[in-house]
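# What the coordinates show
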Protein chains: 2
Amino acid sequence: MPDVRIVLVEPSHPGNIGGAARAMKTMGLNSLALVNPKRFPDPQADWRAAGALDIVEQATICDTIAEAVQDSVLVAGTSARARHIPWPLMTSAAFAEFVHTNFAEDDSVSILFGREDNGLTNDELNLCNRHIRIPASEQYGSINLAMSVQIVAYDLFCQTLSKEIPVSDAEAWDKPLATFAEVHDFLEHLQSVLLQIGFSDPDEPRKAEVRLQRLFNRIEMDHTEVQILRGILTHIEKELASDSLSREIEKQQDNG
Amino acid sequence: MPDVRIVLVEPSHPGNIGGAARAMKTMGLNSLALVNPKRFPDPQADWRAAGALDIVEQATICDTIAEAVQDSVLVAGTSARARHIPWPLMTSAAFAEFVHTNFAEDDSVSILFGREDNGLTNDELNLCNRHIRIPASEQYGSINLAMSVQIVAYDLFCQTLSKEIPVSDAEAWDKPLATFAEVHDFLEHLQSVLLQIGFSDPDEPRKAEVRLQRLFNRIEMDHTEVQILRGILTHIEKELASDSLSREIEKQQDNG
């Protein structure tokens, strides 16, 4: 992933500078430039930065956008508005993929974020190679400045992750999954207990048994979970046996 | 997309409640529940909510998580920690896809976000069907609470977008793209002008011409852009012709 610089153009609220810095650091970015910030430095920026104070302290302060991005080979501007002359426009996710695919590690890429109230002017957007739009609700699309930085940085960070991340993080599971045979034996065991306790009738199988089968097949149990369930079944059987033994003894005592 | 409720568990800073509400609304979510908020209502929550004040005002206040999620068919908890007993864990993006694929519009889905300092407890995480992890930097993974809501809501919102969004938003372009013939004629015209101004030498073609060809082919010009460039070339030719006419007249005058 190339060296990505976040450029905040004339931010009004120092809290947003701190929030943007923290957002950047959580996603592995650390180069922040501020073009004519209204209030900076400011305790509010430091407070919102939390563990990303270093990024706030190392931020470059510039008078112009040109100064902030002069060494960048790609300059992108975030924009919520439709423009009079269309510009190459990408979603945040598509931009992240574009950067990851087309630029090298030592390429400098700058991303401009505009003012809290008015964004970037048309003249500022015209300085850019690409425009970025963050998809948002048509009813209310006003994403906070630091939040916008968070989303764009998140999309960039996701590009650096392995594409092989499993939907369910099976590798991090602590026990091996149960085999078909283990689950099958458990279901047989369960069926046997259901008969013993009078839940199932051998002459009239019910839909409930199929539903239990479906349930235990669906949840993809691990080896240990099956063993725990088998243990419970065995305990039920022992308890039933000792009960029946007690009853037998009682009967014999009654008869005796 | 099902009805998604955001549940903030014991948030400390009212600013985060407002920030979360605004984040939700920008991504089309509006159902917010607060479990034992420390300071609420609070002007700081209202201020950070900006145009999402309605969500803050309509937030449900609950004493327990169970109360907040009782009608939900899926409850997910955000977690940054590795747990002693692994739980089904998904990235934020995978969770969004899972919800979009597997649940209906009238299903209630709740997503829990824990305390600013400590997240959710293990007992709270055990209430969940799924755990969500937002990918973050290993050096500093402390994502602000409202920012976490923004990312999870953004991933959910992206699922509702058409998968057909073009990388470059070609549909929104104002002019039709130039045809091969238009670009070809322009390049011929350009070459002719380059010869007239002495940039090109007909006996020794240079690499520069090929580079110009590559440049103008690469940028995928539209019809209007090609016409503008052709207009410039024509003006150059006219100017050259009138210069050469002037010189001719001057020469004749000198000779006369």
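This report concerns the structure included in the present document. Quick caveat, the model's predicted, so the values are computed rather than measured.

About the cut-offs
- Residues numbered from 1 in each chain as written.
- Chains lettered and ligands numbered in written order.
- Predicted model: local features only at pLDDT ≥ 70, side-chain atom pairs only at ≥ 80, totals over all residues.
- Heavy atoms only, no water.
- Helix = DSSP H or I, 4+ residues; strand = E, 2+ residues; numbered from the N terminus.
- Expected span 1.5 Å × (residues − 1).
- Buried < 20%, exposed > 50% of the residue type's maximum accessible area, 1.4 Å probe, protein only.
- Contact = heavy atoms within 4.5 Å.
- Polar contact = N/O pair within 3.5 Å; in protein donor to acceptor, adjacent residues only side chain to side chain.
- Least-squares fit on C-alpha atoms with pLDDT ≥ 70 in both.
- Phe/Tyr/Trp six-rings, centres within 6.5 Å; stacked < 30°, edge-to-face > 60°.
- Lys NZ or Arg CZ within 6 Å of the ring centre and 35° of its normal.
- Buried area = accessible area lost by both parts, 1.4 Å probe.
- Salt bridge = Lys/Arg side-chain N within 4 Å of Asp/Glu carboxyl O.
- Nonpolar A, V, L, I, M, F, W, Y, C, P; charged D, E, K, R; others polar.

### A look at helix H1 (residues 14-26) of chain A
For H1 of chain A, spanning 13 residues, the distance from its first C-alpha to its last is 19 Å, which sits close to the expected 18 Å at 1.5 Å a residue. Most of H1 of chain A sits inside the fold, with 12 of its 13 residues counted as buried. The secondary structure elements touched by the buried residues of H1 of chain A are strand E1 (3-9), strand E2 (31-35), helix H2 (43-49), helix H3 (53-57) and helix H7 (145-160) of chain A together with helix H7 (145-160) of chain B. Following H1 of chain A by one or two positions, Gly28 of chain A has its phi on the positive side, about 80°.

### Focus: H7 of chain B
Residue and element names in this part refer to chain B. For H7, built from 16 residues, the straight-helix expectation of 22 Å at 1.5 Å per residue is met to within 8% by its first-to-last C-alpha distance of 23 Å. For H7, the tally of buried residues reaches 14 of 16 residues, placing the bulk of the element in the interior. In this structure Asn144 caps H7, since a side-chain oxygen of it lies 2.9 Å from the backbone nitrogen of Ala146.

### A closer look at the relation of the copies chain A and chain B
Mapping chain A onto chain B calls for a rotation angle of 180° and an axial translation of 0.1 Å; the resulting RMSD is 0.1 Å. In symmetry terms, the pair is related by a two-fold rotation axis. Here 100% of the interface residues in chain A have copies in chain B that are interface residues too; the copies meet face to matching face.

### Section: the side chain of Arg5 of chain A
Tracing the chain through its elements places Arg5 of chain A in strand E1. Judged by its relative accessible area of 12%, Arg5 of chain A falls in the buried class.

### Examining the packing of aromatic side chains
What the rule picks out here adds up to 5 aromatic pairs over all chains. Considering the side-chain rings of Phe98 of chain A and Phe103 of chain A, the 5.6 Å spacing of their centres and the 75° angle between planes classify their relative orientation as edge-to-face. Through successive ring pairs, a cluster of aromatic residues spans Phe95, Phe98 and Phe103 of chain A. Stacked on the ring of Tyr140 of chain A, the Lys or Arg Lys25 of chain B has its end atom at 5.3 Å from the ring centre.

### Remarks on the interface of chain A and chain B
At the interface, 49 residues of chain A touch 49 residues of chain B. Here chain A packs against chain B, burying approximately 3,600 Å² in sum over the two surfaces, 68% of which is carbon and sulfur. At the surface where chain A touches chain B, the tally comes to 0 salt bridges. Linking chain A with chain B are 8 residue pairs in polar contact (both at pLDDT 80 or more). When residues of the side of chain A that touches chain B are traced back to their parent elements, those giving at least two are H1, H2, strand E5 (89-91), helix H5 (92-102) and H7 of chain A. Tallying contributions element by element places H7 of chain A first for the side of chain A that touches chain B, with 8 residues. Looking at the side of chain A that touches chain B residue by residue, the classes come out as 29 nonpolar, 14 polar and 6 charged.

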